[in-house]
Every structure is written in C-alpha cells, then in structure tokens.
Amino acid sequence: MNSPLRIGIAGLGTVGAGVVKLLAEHNRLLALRGGRRLKLVAVSARRKAKKRDIDLTGVRWEADARALASASDVDVVVELIGGSGGIARGLVERALRSGKHVVTANKALLALRGAELAELAERQGRILAFEAAVAGGIPIIKALREGLVGNRVRRLYGILNGTCNYILTTMRESGRDFGVVLQEAQAAGYAEADPSFDVDGIDAAHKLAVLTGAAFGARVNFAGVHVEGIRHVTSMDIRFAEELGYRIKLLGLARETRFGIEQRVHPCMVSLEAPIAHIEGVFNAVVVEGDFVGTTMFQGRGAGQGPTASAVVADLVDVARGRHMPAFVVPAANLSAKKAAPMSRHVGPYYIRLMVQDRPGVIAAISGVLARERISVESMLQRGRSQSEVPVVLTTHETEEAAMQRALTRIARLRAVAEPPCLIRIERF
Ligand SMILES: NC(=O)c1ccc[n+]([C@@H]2O[C@H](COP(=O)([O-])OP(=O)(O)OC[C@H]3O[C@@H](n4cnc5c(N)ncnc54)[C@H](OP(=O)(O)O)[C@@H]3O)[C@@H](O)[C@H]2O)c1
C-alpha cells in the first residue's frame, strides 16, 4: 500500500472531535477507499487540558495551530477553528504557501476570501476542499463539481440554516412567537447564545455565496448577497401563509439575470406543493436546476458532529486519492467577476401584511397607493372586525421590488396603518 496521508487537525470542537472519531472508527475502510491510510499525526486547539471524548494517543499536540502549516510530517491541514480572519485565515494561507493541501469547514472564511484562496491553492498546485462548509453532511459541492458538472445551472436555492428552519417549524407547529421559540431553541442547544449569525441570515448568506461560486463559476461575492433574517416573521404570518397554501422558509436563492447574479437570503412563502416546503426542523436541503438534468434536490443534516465530520472525511479521501479539482469547479483564473444584480430589480409576487385601524376608506387608500405603482393585487384578506386594529393581507402578481418598496413606504405613512408593513416574498418553483 502507498505511504499514508498525514493529517494535522486544527480545532477539536464539535467538528474536529467528530473527524478524529470518524478517522479512528473507519480507519480500515478509509484506507481501502482512499488507497492509503489516513493517519492523524498532529492536532491543535486552544486548551490542551480540556476534556475531550477522543483518543489522541500517539498524536502530537501543537500549542500554536500555525505550526501545523510548516510541520514536515503533515501533508494536509484540516482547519476546523472557524472565523473569517485571525488564526483560521493565517493557518489556511500559511499551509497552502508551505505546500500543504487544506480541508476546511469554514464558510465565513470562504465567503469572504474564497476566490483568493482558490487562486493561492492553484498556484501552489494544492487542493483546497470545503464540502463541510455548505449544508453540513449534504455532499452538494461534490454534486456540483462531479455529478452535475455537465450542466449549466439555471437556478439554485436551499434551506441552508438548520437553526432558522427549526425555529420556523416550531413556530408553525406550536403557534408560539419567534422570541419564545428562540429561547427554547437556545436551551435545547439548537441555537447559539448569540443567535444573530443564524437568525439574521448571515450564516445562510455565507453558504449561499460559496454555493453560487461553485454553481455559476463565479468569484465568491458575499457582499453581493441581499440578506434578511427571520426576526420579523410572526406566528400570524405563518397562519396566513398556511391559509393561502404556503409555508414560510428562510431560503438562499441564486440565479443569473440580465442584471448580473442575483443572490438573496430572506424568508420566502413557498407553495405547500413544493418538496422544499416539507423540509422541517434542523434539516437542510439544496435544489439545483440544471439545463440538462432538470431539478435535483439534496436533503440531509446541515450541521452536527457526525454529518460535518462525514463531509470533512470525504474531502480527505479525495486528497488521499490525489483528486485535484479546482476549488470552485473551474480554474480560479476563469472564475467570472459578474456583478451582483441589485435587489431593486428583483421581480416576483409578494405577500404584504398590514395592521390597520378598522374604519371606512382604509382599503381604498391602500389600493390607491398600489395602483399608483401599477402593482396588481392577486388576493386580499381582512380579519377580526371587532378589534380596533385588524390585519389586512395582500398578495400581488409579479412586481418589481423597487415599486413594492416605494409603495410600502407610502402605505406605512398612512394614518390608519398602525405598524410597519410586513413583506414576505413569494417564490414559485
Ligand atoms: N458545528 C457544526 O455543526 C458545523 C457545521 C458546518 C461547519 N462548521 C464550521 O466548522 C468550524 C468549526 O466549528 P465547530 O462547531 O467545531 O466549532 P467549536 O466547537 O467552537 O470548536 C472550535 C475549536 O477551535 C479551537 N480554537 C479556537 N481558537 C483557537 C486558536 N486560536 N488556536 C487553536 N485552536 C483554536 C477550539 O479550542 P478549544 O476546544 O480548546 O476551545 C475548538 O476546539 C467552523 O468554521 C464552523 O463554521 C461547523
């Protein structure tokens, strides 16, 4: 058998510990599949004394993770520390410059530095692999690089954040509001103490930016992603959605338009007939529409120790086999620098919920504003006539975002409108 692939792991938290366990448990299987042994030779984390449920007998401890980048007995550095800058970035760059292959799960780093790291890896003739960075255990990067590589991607979209999907699912099932469900999710370990990366859509936007790069052969452009989170989604909107035949999901969506590449992360109303409407709880899903293959959907666990370790090890087996592939499917020099389509140019149907004082003339005033922007209403619901403020729900036909935003600004100024309007875009698949 060939000489072993010598691995150095930086970061022994949820993912790092999972990789150590998987490498130990499937040692023989991986040797067969990789064509040589996958041998863990060195690790690094912040605290050496921390109790970890892993066996590190015979594995060297490096106090400074960056030492892995220059260690002569390491072939591949696995970066599982996280963060878009600091130690993680320094380690990845240093490892590639020193001629090591790099495997990472770090979506924040890739979203901000993906193109330049891909260039560096190629210059050095080394592999940069990051299956675990997007949708955890779902092998979507491999699908784009391999199984779907014959297609032009028309559109891709997905549920890319399990925490948000869990919160939206629980809100719908229990009828409780966002704040309460978030607290429960934190207590159950499904949401971080500081949940903003997840619930404000940033984590999903990192993943979408990386996916877009791989799917459209474009330089990763995180700044070009329009990002909204789920804090403004109420249980009332979830009930109205069901009544209208929709379910609310936080989606990341990307497609090429005549204005550039459109990338958006925001809550969407999706028809109950769409398979993605039924991806519930912590699960993730990614749908890729290719010109020859049609629609494909991948679903599975988007986070957690086992699924993420599974993805990291898949990359390690590629490295063991010497499968050199450009990080973003096409060579870094050929990645297009297409500009981001402005959100104001987005066209689609909308759901709008207003809280209004129940008095004559209000609906006429709202309709007047919409008519001035040439926004065509598809349906209108008004409920709870006995209270002083009542919800009015409108859905529109295809409308340009800029016109919708102008209309909402005017509607919000009407005296009978009690609180800022709630807008949720409707997606048709
Ligand atoms: N958790 C998931 O399900 C998941 C899924 C997909 C992708 N990811 C990505 O995977 C990466 C790791 O996530 P995680 O959840 O495993 O994080 P984590 O549990 O917080 O673990 C981070 C690890 O990094 C170590 N570390 C922190 N600062 C360090 C430093 N300066 N030098 C060396 N080691 C340092 C920590 O050391 P100590 O243990 O000593 O504190 C810890 O072992 C992140 O990029 C994350 O976005 C995670």
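Refer to the structure printed above.
What you see is a predicted model; the values in this text were computed from it and never measured.

Draft legend 1. Structural view of the overall build of the protein chain. Per the secondary structure count, the protein chain includes 14 helices and 18 strands. For a compact globule of 429 residues, the expected C-alpha radius of gyration is about 22 Å, and the protein chain comes in at 24 Å, within 12% of that figure. For the C-alpha atoms alone, the extent of the protein chain along its principal axes is close to 80 × 45 × 35 Å. A buried classification covers 54% of the 429 residues belonging to the protein chain. In the protein chain, the share of contacts with a sequence separation of at least 24, taken over all contacts with a separation of at least 6, comes to 74%. Summing over all exposed atoms, the protein chain offers an accessible surface of approximately 18,400 Å²; the carbon and sulfur share of this is 49%.

Draft legend 2. Structural view of the site of the ligand. Taken together, 21 residues surround the ligand, and among them Leu12, Val15, Arg47, Arg52 and Gly304 come closest. Between the ligand and glycine 13 there is a distance of 3.0 Å, counted from an oxygen atom to a backbone nitrogen or oxygen. With respect to the ligand, the backbone of glycine 304 contributes an N or O atom lying 2.7 Å from an oxygen atom.

Draft legend 3. Seen up close, unusual backbone geometry. Of note, the phi angle at alanine 135 is positive, near 60°, even though the residue is not glycine. Tracing the backbone through its elements, the reader meets alanine 135 in the loop between β6 (128–129) and α6 (140–147). In this structure, arginine 374 takes a positive phi of about 60° despite not being glycine.

Draft legend 4. Quick peek at the pattern of salt bridges. The tally for this structure, following the rule as stated, stands at 32 salt bridges. Across the pair arginine 6 and aspartate 75 runs a salt bridge, and its minimum N-O distance is 2.9 Å. Of this pair, arginine 6 sits in strand β1 (residues 5–10) while aspartate 75 sits in the loop between α3 (67–70) and β4 (76–79); the two residues are 69 residues apart in sequence, bridging distant segments of the chain. Among the residues examined, arginine 6 registers a relative accessible area of 29% and is labelled partly exposed. Across the pair glutamate 119 and arginine 219 runs a salt bridge whose closest N-O atoms are separated by 2.7 Å. In this pair, glutamate 119 sits in helix α5 (residues 107–124) while arginine 219 sits in the loop between α10 (202–216) and β8 (225–227), placing the two residues 100 residues apart along the sequence. Taking the relative accessible area as the measure of exposure, glutamate 119 reaches 26% and is therefore partly exposed. One network of salt bridges, with partners in common, ties together Arg172, Glu242, Arg247, Lys249 and Glu280.

Draft legend 5. Local environment of the packing of helix α2 (residues 27–34) against helix α12 (residues 305–321). One way to put it is that α2 packs onto α12 with a least axis distance of 9 Å and a crossing angle of 45°. Classified by the angle their axes make, α2 and α12 are oblique. Judged by residue contacts, Leu30, Leu32, Arg33 and Gly34 of α2 engage Val313, Val317, Ala320 and Arg321 from α12.

Draft legend 6. Inspection of the packing of aromatic side chains at higher detail. Evaluated as defined, the whole model comprises three aromatic pairs. Ring geometry for tyrosine 157 versus phenylalanine 429: centroids 3.9 Å apart, planes at 10°, classification stacked. One end of the pair, tyrosine 157, is in strand β7 (residues 153–159); the other, phenylalanine 429, is in the segment after β18 (422–427), and 272 residues separate them in sequence. The class of tyrosine 157 is buried, set by a relative accessible area of 5%. Of the residues examined, phenylalanine 429 reaches a relative accessible area of 37% and is grouped as partly exposed. Directly above the ring of phenylalanine 130 sits arginine 145, whose terminal nitrogen or CZ lies 5.7 Å from the centroid.

Draft legend 7. Highlighting helix α1 (residues 14–25). With 12 residues, α1 ought to run about 16 Å at 1.5 Å a step, and its terminal C-alpha atoms sit 17 Å apart, in line with that. For α1, every residue scored as buried is listed here: Val15, Gly16, Ala17, Gly18, Val19, Val20, Leu22 and Leu23. In this structure, the buried residues of α1 make contact with β1, α2, β2 (38–44) and α12.

Draft legend 8. Here's a closer look at the sheet that holds β2. Read from one edge to the other, the open sheet built from six strands follows the order β3-β2-β1-β4-β5-β6, with strand pairing classed as parallel. Single-partner strands in this sheet number two, and they are β3 (60–61) and β6. As paired elements, β2 and β3 share two bridges and run parallel to each other. For valine 43, the partnering residue across the bridge sits in β3 and is tryptophan 61.

Draft legend 9. Seen up close, the side chain of glutamate 131. Turning to its location among the elements, glutamate 131 is positioned in the loop between β6 and α6. Engagement of the side chain of glutamate 131 in a polar contact is seen with the backbone nitrogen of isoleucine 141, the distance being 3.0 Å. Glutamate 131 has contacts with Gly136, Ile138, Pro139, Ile140, Ile141, Lys142, Ala311 and Asp315, leaving out every residue within four places of it along the chain.

Draft legend 10. Spotlight on the pairing of β4. Burial of β4 is two-sided: the residues Val76 and Val78 facing one way and the residues Val77 and Glu79 facing the other way are all buried. As defined by bridge partners, β1 adjoins β4 across four bridges and the pair is classed as parallel. Across the sheet, the residue bridging to alanine 10 is glutamate 79, located in β4. Between β4 and its parallel partner strand β5 (residues 101–104), the chain crosses via helix α4 (residues 86–97), and the hand of that crossover is right-handed.

Draft legend 11. Broad picture of α2. When α2 is considered as a whole, its buried residues turn out to be Leu30, Ala31 and Gly34. The buried residues of α2 occupy one face: seen down the axis, they fall within an arc of 105°. Seen from the buried face of α2, the exposed residues on the opposite side, beyond 90 degrees, are Arg28, Leu32 and Arg33. Where α2 is buried, its residues contact α1, β2 and α12. Positive phi shows up at glycine 35, right after α2, with a value of about 80°.

Cut-offs and rules
Residues numbered from 1 in each chain as written. Predicted model: local features only at pLDDT ≥ 70, side-chain atom pairs only at ≥ 80, totals over all residues. Heavy atoms only, no water. Helix = DSSP H or I, 4+ residues; strand = E, 2+ residues; numbered from the N terminus. Rg over C-alpha atoms; globule rule 2.2 N^0.38 Å. Buried < 20%, exposed > 50% of the residue type's maximum accessible area, 1.4 Å probe, protein only. Contact = heavy atoms within 4.5 Å. Areas by Shrake-Rupley, 256 points an atom, 1.4 Å probe, with all protein chains shown as cover. Near = heavy atom within 4 Å. Polar contact = N/O pair within 3.5 Å; in protein donor to acceptor, adjacent residues only side chain to side chain. Salt bridge = Lys/Arg side-chain N within 4 Å of Asp/Glu carboxyl O. Axes fitted to C-alpha atoms, helices over the stretch in contact; angles between N-to-C directions. Parallel < 35°, antiparallel > 145°, perpendicular 65-115°, else oblique. Phe/Tyr/Trp six-rings, centres within 6.5 Å; stacked < 30°, edge-to-face > 60°. Lys NZ or Arg CZ within 6 Å of the ring centre and 35° of its normal. Expected span 1.5 Å × (residues − 1). Pairing = 2+ DSSP bridges. Right-handed = clockwise from strand over helix to strand, strands pointing away. Arc of directions from axis to C-beta.

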